[in-house]
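Structural features, examined
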Amino acid sequence: MNSALLRPGDFRGIFPDGAEGRFAMISCAILDDAMELALKSADWSVLSGQVQLKVYQQPLGDQLVVALRDCAIVCLMRERTPFPGCLIRSLPQLRLLVT
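These lines cover the structure that appears in this document, whether it is placed above or below. (Residues numbered from 1 in each chain as written. Predicted model: local features only at pLDDT ≥ 70, side-chain atom pairs only at ≥ 80, totals over all residues. Heavy atoms only, no water.)

1. What about the nonpolar core?
- Counting residues in each nonpolar core, the largest one holds 11 residues, listed as Ala 29, Leu 31, Leu 64, Leu 68, Cys 71, Val 74, Leu 76, Phe 83, Leu 87, Leu 91 and Leu 94.
- Beyond its immediate stretch of four places on either side in the chain, Val 74 contacts Ala 29, Leu 31, Leu 68, Phe 83, Leu 94, Leu 96, Leu 97 and Val 98.
- Residues Ile 26, Ile 30, Ala 38 and Ala 72 belong to the second largest nonpolar core, which totals eight residues. (Core = buried A, V, L, I, M, F, W, Y, C linked by side-chain atoms within 4.5 Å. Buried < 20%, exposed > 50% of the residue type's maximum accessible area, 1.4 Å probe, protein only. Contact = heavy atoms within 4.5 Å.)

Written out as structure tokens, the structure is:
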């Protein structure tokens, strides 16, 4: 690829969205952002139209698997939420775990 920036469609086949082979919006969850710093720490606007951000300030507890079921990316703030192998295996859409 000649461009330093990736565009929708650059990853054709990873996140297919129907017959035309385009991508569905990628879902990214940011967990345990109690101080609401994650969205202030970087320019997230470059992901607009490509990544749907879901920010959770409080621990999700028993609702963790349900909340993350469709997420391809999960960002953990200070590793407050344990992420054992059994949790990873229960999230089939998960492609990237950021700690």
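2. Points about the sheet that holds strand E3 (residues 26-31)
- The strand order E4-E3-E5-E6 describes an open sheet built from four strands, whose pairing is parallel. Looking at which strands have only one partner, the edges of the open sheet turn out to be strand E4 (51-55) and strand E6 (96-98). Taking each pair of neighbouring strands and ignoring which way they run, the sheet shows an average axis angle of 15 degrees.
- Where E3 meets strand E5 (residues 73-76), four bridges bridge the pair, whose relative direction is parallel. Bridge assignment links Cys 28 to a residue of E5, and that residue is Ile 73. (Pairing = 2+ DSSP bridges. Helix = DSSP H or I, 4+ residues; strand = E, 2+ residues; numbered from the N terminus. Axes fitted to C-alpha atoms, helices over the stretch in contact; angles between N-to-C directions.)

3. Side note on unusual backbone geometry
- Despite not being glycine, Asp 32 has its phi angle at roughly 60 degrees, a positive value.
- Position of Asp 32 relative to the elements: it lies in the loop between E3 and E4.
- Relative accessible area serves as the criterion here: at 5%, Asp 32 is assigned to the buried category.
- For Glu 36, which is not glycine, the phi dihedral falls at a positive 55 degrees.
- As for its position among the elements, Glu 36 is in the loop between E3 and E4.
- Using a relative accessible area of 45% as the deciding quantity, one classes Glu 36 as partly exposed.

4. Things to note about the pairing of E5
- Here E5 shows no split at all, with Ile 73 and Cys 75 on one side and Val 74 and Leu 76 on the other all buried.
- Relative to E6, E5 runs parallel, the two sharing three bridges. Across the sheet, the residue bridging to Val 74 is Leu 97, located in E6.

5. Some points on the side chain of Asp 32
- For the buried Asp 32, which has no salt bridge, the nearest side chain bearing the opposite charge is Arg 80, at an N-O separation of 6.2 Å.
- Polar side-chain contacts of Asp 32 include one of 2.3 Å to the side chain of Thr 81.
- If near-sequence neighbours (up to four positions away) are discounted, Asp 32 is found in contact with Tyr 56, Gln 57, Gln 58, Pro 59, Met 77, Arg 80 and Thr 81. (Lys, Arg positive; Asp, Glu negative; His and termini not counted. Salt bridge = Lys/Arg side-chain N within 4 Å of Asp/Glu carboxyl O. Polar contact = N/O pair within 3.5 Å; in protein donor to acceptor, adjacent residues only side chain to side chain.)

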